[in-house]
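Understanding the architecture of this molecule
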Amino acid sequence: MAFLPQACLFDLDGVIVDTAKYHFIGWQRLAEELGVPFTHEDNEQLKGVSRVGSLEYILAKGGLELDNDTKVRLMDRKNAWYLELVGSMNPDELFPGVVEFMDELIGAGIQVGLGSSSRNAPLILELCGIADRFGTIVDGNSITFSKPDPEVFLKGAEALGVKPEHCVVFEDAVSGVQAARNGGFRIIGVGDAASLTEAEFVIPGFEDFTLKTMVERLS
Ligand code: B16
Ligand code: MG
């Protein structure tokens, strides 16, 4: 029997837009100040990881231990640099096909929600002109536990009044795919098929991806 989802939850960074490149600039600048090397490979490890989790990663890499106030100050500095870069984002930065796909879902009566670790998610959706498409926005401000904990997606499904098994999660991060799996969701990976092995299938992006294709592949 065909599987027709009642809702789709989208991650933000790596699924709707590429904010990882801005996170990289901010974390690298901070890491440099701390005397810790920070590479693109390090940045890959931080996809889907919370702001505090990302700082902890850099501190651990440098063998540094800092008190809580200092950690908060450092995260605020990095976020200020990040916001300078994000401030000029606009609809041109949306990944090709993602809005068209969302509009197809909405037109078919399938709800759309956001499940992101980023505390800046509402701002980014506004800047990109797509905030009004989301029936719910669950972001880093509304969760206690980071991916791979399923909280962010469970809250999204609850807000939309949909059970996880009737809901598809789109994720680009290994921790995000694990979060969806831990919550009992259907999961489509976006990006690198070699690393997203726990997804049901992986798409390179939303260009040429349609509701019909999704239903066929999930059924
Ligand atoms: P912020 P996602 C995540 O977004 C990013 O992938 C991750 O690199 C970042 O550390 C995290 O948001 C927190 O972001 O500092 O803006 O609160 O992929 O879950 O949409
Ligand atoms: Mg992501």
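Structure first, text after, so check above.
A few points on the structure. This is a predicted model, so every value here is computed, not measured.

Across the 5 residues of strand S4 (residues 167-171), 5 count as buried, placing the element largely inside the fold. Burial along S4 is two-sided: the residues Cys167, Val169 and Glu171 and Val168 and Phe170 are all buried. In the sheet, strand S1 (residues 7-10) pairs with S4 via 4 bridges, with the strands oriented parallel. Within S4, the position partnered with Phe10 by the bridge is Phe170.

Residue position: Pro96 is located in the loop between helix H4 (68-86) and helix H5 (98-107). It is 5.8 Å that separates the C-alpha atoms of Pro96 and Glu207, two residues lying 111 residues apart in sequence. Residues within four places of Pro96 in sequence aside, it is in contact with Phe206 and Glu207.

Only Asp11 (OD), Asp13 (O) and Asp172 (OD) from the protein coordinate the magnesium ion (ligand 2), and they sit 2.0 to 2.1 Å from it. Look at where the donors of the magnesium ion (ligand 2) fall in the sequence and you get D-x1-D-x158-D. A residue pair is termed long-range when its members are at least 10 positions apart, and Asp11 in the loop between S1 and helix H1 (20-34) and Asp172 in the loop between S4 and helix H8 (174-183) qualify at 161 residues. The same class applies to Asp11 as to Asp172, namely buried.

As a further point, take the pattern of salt bridges. Using the criterion set out here, one finds 13 salt bridges in the structure. Salt-bridge contacts for Lys147 lead to Asp11; the nearest nitrogen and oxygen are separated by 2.8 Å. Separated by 136 residues along the polypeptide, Lys147 in the loop between strand S3 (136-138) and helix H7 (151-160) and Asp11 in the loop between S1 and H1 bring together distant segments of the chain. We note that Lys147, like Asp11, is buried. Across the pair Arg181 and Glu198 runs a salt bridge, and its minimum N-O distance is 3.6 Å. In this pair, Arg181 sits in helix H8 while Glu198 sits in the loop between strand S5 (186-190) and strand S6 (201-203), placing the two residues 17 residues apart along the sequence. Taking the relative accessible area as the measure of exposure, Glu198 reaches 31% and is therefore partly exposed.

Positionally, Glu171 belongs in strand S4. On the basis of relative accessible area, Glu171 is assigned to the buried category, the value being 0%. Engagement of the side chain of Glu171 in a polar contact is seen with the side chain of Lys147, the distance being 2.7 Å. In contact with Glu171, not counting residues within four places along its chain, are Asp11, Val15, Lys147, Phe153, Gly176, Val177, Ile188, Gly189, Val190 and Leu196.

Criteria and cut-off values
- Residues numbered from 1 in each chain as written.
- Chains lettered and ligands numbered in written order.
- Predicted model: local features only at pLDDT ≥ 70, side-chain atom pairs only at ≥ 80, totals over all residues.
- Heavy atoms only, no water.
- Buried < 20%, exposed > 50% of the residue type's maximum accessible area, 1.4 Å probe, protein only.
- Helix = DSSP H or I, 4+ residues; strand = E, 2+ residues; numbered from the N terminus.
- Pairing = 2+ DSSP bridges.
- Contact = heavy atoms within 4.5 Å.
- Donors = N, O, S within 2.8 Å, 3.2 Å for Na, K, Ca; no water.
- Salt bridge = Lys/Arg side-chain N within 4 Å of Asp/Glu carboxyl O.
- Polar contact = N/O pair within 3.5 Å; in protein donor to acceptor, adjacent residues only side chain to side chain.

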